[in-house]
Amino acid sequence: MAALQTSTLEALKKDQAQLLANWYSSLEASGATRNLKEQEVKQQTSDFLQLIIAGLDAGNGSNVAASGWDEIRQFLEKLSRSRALLGQNSQQTANFIFAFKGPLFAALQNHYQDNPSLLAEQLLELSELLDSLGMHTIRTFQESREAVIKRQQEELLELSTPVVKLWDGVLALPMIGTLDSQRTQVVMESLLQRIVDTGSEIAIIDITGVPTVDTLVAQHLLKTVTAIRLMGADCIISGVRPQIAQTIVHLGLDLQGVVTKANLADALKLALSRLGLSLTKAG
Amino acid sequence: MERIPILQMGDFLLVTIQVDMHDQLALTLQEDLSERISRTSARGVLIDISALDMVDSFIGRMIGTISGLSRIMDAQTVLVGMQPAVAITLVELGMTLPGVSTALNVERGMKLLQDWVSNQ
Amino acid sequence: MTVRSSGTHPIHIEQDVVLARQLTRKLATECGMRLIDLTKLVTAVSELARNTMVYGGGGDMDWQIIEENARTGVRLVFRDEGPGIPDIKLAMTDGWTSGNGLGLGLTGAKRLVEEFELETAPGQGTRITITRWT
């Protein structure tokens, strides 16, 4: 970055109040402050300007990835995250920075009236800096959105496959719908964790609601069963329909001694008997 | 030299692994255990790994070896408290520890050993 | 792809393998990696670091925290100037052993990570790069 004139920096410091006022008006005019608290936005513009001034004061160039700009990057990341949560799109969020350019250039134009070439140079420097910061904001905005979506996906996955306690020491996992790699993993992890949390010795995985079982799904199930055994519990697979049994035999899959039952009720009966319990009619 | 302590509880030996072991420490444990089983004629060994957040193939093999060794000396080994993330990783790694008995916790593990001994 | 931070860790003695595991745990935690993914990565590191020490005659682990397409990851390179692996296909088979007969094969470690690259030749050392994203 070519030397940012000290006088530019001085101009920024001197005109702060005016810059902030013009910036806020610009944001308001473009509708960027809709649904946002005025006080909050004004605070954000003020904080941002302080960080810019501090960064330039310390002699940092326009490479925004450098450690000298850590604070402002963190500020923008926080801003992006909060705007993403409020449902703003990335353009609106980046506009926060770009709307600053207008008032900034106007202020510098005023300051460098007699020196157009110096003005052009300084404007270019500051423009580069603001553009980079704007890009950073957009990128972190997208990351936040993706993180939100991912979290929601995981929550949906967990909700769609709840682990149910059938009895003291017996958990059931009714799987419904197609089993893909990611889903099976998430579900597997939550089942294993529940086993530890509840100290349940038997887990029944019910696949009545699973339309097809291919090699991959069978492998995932086997891995789950093995992991459960390593932890010290046992697993019964229930809901194995004739078609699925056929598929498994055709694919030559070895269920390695995994106990299977045609339905959940039979699996529960077996689980209870393993725990030394039996059901008798009252009276 | 540091070693992992082995506690004696009646006919059984209890080992609680709580540190990130380097290979030599694991081998030393293996040796110490076989020596103790022989010396005390222990009938059972309980290995508690509830504090371990990682078990790799080396430690997995050590556990398998201890299980095999103790069986030869007429003692049963039970591995207890494996954490879910560790279990998933071991399975992915291809280590299924066949022949190693497992239990959810020390209490259940002890019961398993007691049942085994009384059924002898 | 940008490198957020990087460093190198020597692997010459047993304690280095333990330290490599702890360092990896720290890096993965910093990235916000989920426990299960972190555990897989640390375990893979344990396997590969041990290989470097036992078969490679010692070497180094280069680490990087990287960012690409809005996600963060940990990339590790295990390199040594040892004898190299003569038959890669055999080495990648589960259950392959050499030296003291303690290896489980690189396929196991490969399954624990998302990206795995092996560069080796007899007499030219070995270089293994693994990556795990959050």
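You'll find the structure just up there.
Bear in mind the structure is a predicted one, so any value in this text is a computation, not a measurement.

Engineer: What should I look at first to understand the overall build of chain A in this one?
Structural biologist: Within chain A, the regular secondary structure consists of 10 helices and five strands. Radius of gyration (C-alpha) of chain A: 31 Å, far over the 19 Å computed for a compact globule of 283 residues. Each of the three principal axes of chain A carries a C-alpha extent, and together these read 100 × 45 × 30 Å. Counting all 283 residues of chain A, 31% fall into the buried class.

Engineer: How should I be thinking about the sheet that holds strand 3 (residues 44-48) of chain B in this particular structure?
Structural biologist: Within a sheet, each strand pairs with its neighbour through backbone hydrogen bonds, oriented either parallel or antiparallel. Residue and element names in this part refer to chain B. Strand order across the open sheet formed by five strands is 1-2-3-4-5, with mixed pairing between neighbours. This sheet does not close on itself; its edge strands, each paired only once, are strand 1 (6-9) and strand 5 (101-103). The sheet shows a mean angle of 25° between the axes of neighbouring strands, taken without regard to direction. In this sheet, strand 3 lies alongside strand 2 (residues 12-16) in parallel orientation, the contact comprising five bridges. Following the sheet pairing, Thr16 is matched in strand 3 by Asp48. Against the sheet, helix 1 (residues 23-40) touches strand 1, strand 2 and strand 3, its axis set at about 165° to strand 2. Where helix 2 (residues 57-72) meets the sheet, its contacts fall on strand 3 and strand 4 (76-80), and the angle it forms with strand 4 comes to roughly 155°.

Engineer: Looking at this structure, how should I read the sheet that holds strand 4 (residues 115-120) of chain C?
Structural biologist: All names here are of chain C. With respect to topology, five strands assemble into an open sheet ordered 1-2-3-5-4, the strand pairing being antiparallel. Both outer strands of the open sheet, strand 1 (2-11) and strand 4, are each paired with one neighbouring strand and no more. Going from strand to strand, the sheet's axes swing by 15° on average, the running direction of each strand aside. The pairing of strand 2 (residues 59-68) with strand 3 (residues 71-80) spans 10 bridges and is classified as antiparallel. Within strand 3, the residue paired with Ile66 across the bridge is Gly73. This element, helix 2 (residues 35-54), spans strand 1, strand 2, strand 3 and strand 5 (126-133) of the sheet and lies at about 15° to strand 3.

Engineer: So what exactly am I meant to see when it comes to the nonpolar core here?
Structural biologist: The nonpolar side chains of a soluble globular protein tend to be buried, and buried together. Within the largest apolar cluster, 99 residues are counted, with the highest numbers of intra-cluster contacts made by A:Ala203, A:Ile204, A:Met231, B:Val45 and B:Ala87. Setting aside residues up to four positions removed in sequence, B:Ala87 forms contacts with A:Leu192, A:Ala227, A:Leu230, A:Met231 and B:Met82. Among the nonpolar cores identified, the runner-up in size contains 24 residues, and A:Trp23, A:Phe96, A:Ile97 and A:Leu104 belong to it.

Engineer: What am I meant to see in helix 3 (residues 38-57) of chain A here?
Structural biologist: Side chains that are three or four residues apart share a direction in an α-helix, a result of its 3.6 residues per turn. Residue and element names in this part refer to chain A. Under the 1.5 Å per step criterion, the end-to-end length of helix 3 is 29 Å for 20 residues, consistent within 8% with the ideal 28 Å. If you check which residues of helix 3 are buried, you get Gln44, Thr45, Phe48, Ile52, Gly55 and Leu56. Buried residues along helix 3 cover an arc of 100° about the axis, so they all sit on one side. Opposite the packed face of helix 3, turned more than 90 degrees from it, sit the exposed residues Gln39 and Gln43. Where helix 3 is buried, its residues meet helix 1 (6-14), helix 2 (16-29) and helix 4 (70-85).

Engineer: I'm lost on the interface of chain B and chain C in this one. Help?
Structural biologist: Often, the extent of an interface is quoted as the loss of accessible area upon association of its parts. Contact residues are listed per partner, giving 16 residues for chain B and 21 residues for chain C. Counting residues per element, the side of chain B that touches chain C draws most heavily on helix 3 (residues 84-93) of chain B, which supplies six residues. Its residues assigned to classes, the side of chain B that touches chain C shows six nonpolar, five polar and five charged.

Engineer: Looking at this structure, I do not really get the pairing of strand 1 (residues 164-167) of chain A. What am I missing?
Structural biologist: Along a regular strand, successive side chains alternate from one face of the sheet to the other. Residue and element names in this part refer to chain A. Summarising the sheet, strand 1 and strand 2 (residues 170-176) pair through three bridges and their orientation is antiparallel. Looking across to strand 2, one finds that Trp167 is bridged to Val170. Between strand 1 and strand 2, which pair antiparallel one after the other, the connecting turn spans two residues, and Gly169 there sits at a positive phi close to 95°.

Engineer: Honestly, the packing of helix 3 of chain A against helix 4 of chain A in this entry has me stumped. Any pointers?
Structural biologist: Pairs of packed helices are described in terms of their axes, by the angle between the two and the distance that separates them. Residue and element names in this part refer to chain A. Two elements in contact, helix 3 and helix 4, have axes whose closest approach is 9 Å; the angle formed by their N-to-C orientations is 160°. By the angle class used here, helix 3 and helix 4 are roughly antiparallel. Both helix 3 and helix 4 take part in a crossing whose hand is left-handed. In contact with Gln44, Asp47, Phe48, Leu51, Ile52 and Gly55 of helix 3, helix 4 contributes Glu71, Ile72, Phe75 and Leu79. A per-class count over the contact of helix 3 with helix 4 returns six nonpolar, two polar and two charged.

Engineer: I keep staring at the pairing of strand 4 of chain B and nothing clicks. Help me out?
Structural biologist: Residues and elements named next belong to chain B. In terms of residue burial, strand 4 counts as a mostly covered element, since five of its five residues are buried. Every second residue of strand 4 is oriented toward a common face, with Gln76, Val78 and Val80 on one face and Thr77 and Leu79 on the other, all of them buried. Since strand 3 and strand 4 lie parallel, the crossover through helix 2 that links them has a hand, and here it is right-handed. Pairing analysis gives three bridges linking strand 4 to strand 5, with the strands arranged parallel. Residue Leu79 lies in a different strand from strand 5, and its bridge partner there is Thr102. The β-α-β motif built from strand 4, the intervening helix 3 and the parallel element strand 5 has right-handed crossover chirality.

Engineer: Even after reading the chapter, I still don't get the packing of helix 7 (residues 181-198) of chain A against helix 3 of chain B, so can you show me in this structure?
Structural biologist: Across the interface, helix 7 of chain A lies against helix 3 of chain B with an axial gap of 9 Å and an inter-helix angle of 135°. Our classification of the angle between helix 7 of chain A and helix 3 of chain B gives oblique. Our pair here, helix 7 of chain A against helix 3 of chain B, has a crossing hand that is right-handed. Between helix 7 of chain A and helix 3 of chain B, the residues in contact are A:Glu189, A:Leu192, A:Gln193 and A:Val196 and B:Pro84, B:Ala87 and B:Ile88, respectively. Residues of the contact of helix 7 of chain A with helix 3 of chain B, tallied by class, amount to five nonpolar, one polar and one charged.

About the cut-offs
- Residues numbered from 1 in each chain as written.
- Chains lettered and ligands numbered in written order.
- Predicted model: local features only at pLDDT ≥ 70, side-chain atom pairs only at ≥ 80, totals over all residues.
- Helix = DSSP H or I, 4+ residues; strand = E, 2+ residues; numbered from the N terminus.
- Rg over C-alpha atoms; globule rule 2.2 N^0.38 Å.
- Buried ≥ 20, exposed ≤ 12 C-beta atoms within 10 Å, placed from the backbone.
- Pairing = 2+ DSSP bridges.
- Axes fitted to C-alpha atoms, helices over the stretch in contact; angles between N-to-C directions.
- Contact = placed C-beta atoms within 7 Å.
- Core = buried A, V, L, I, M, F, W, Y, C linked by C-beta atoms within 7 Å.
- Expected span 1.5 Å × (residues − 1).
- Arc of directions from axis to C-beta.
- Nonpolar A, V, L, I, M, F, W, Y, C, P; charged D, E, K, R; others polar.
- Parallel < 35°, antiparallel > 145°, perpendicular 65-115°, else oblique.
- Left-handed = near helix turned anticlockwise from the far one by under 90°.
- Right-handed = clockwise from strand over helix to strand, strands pointing away.

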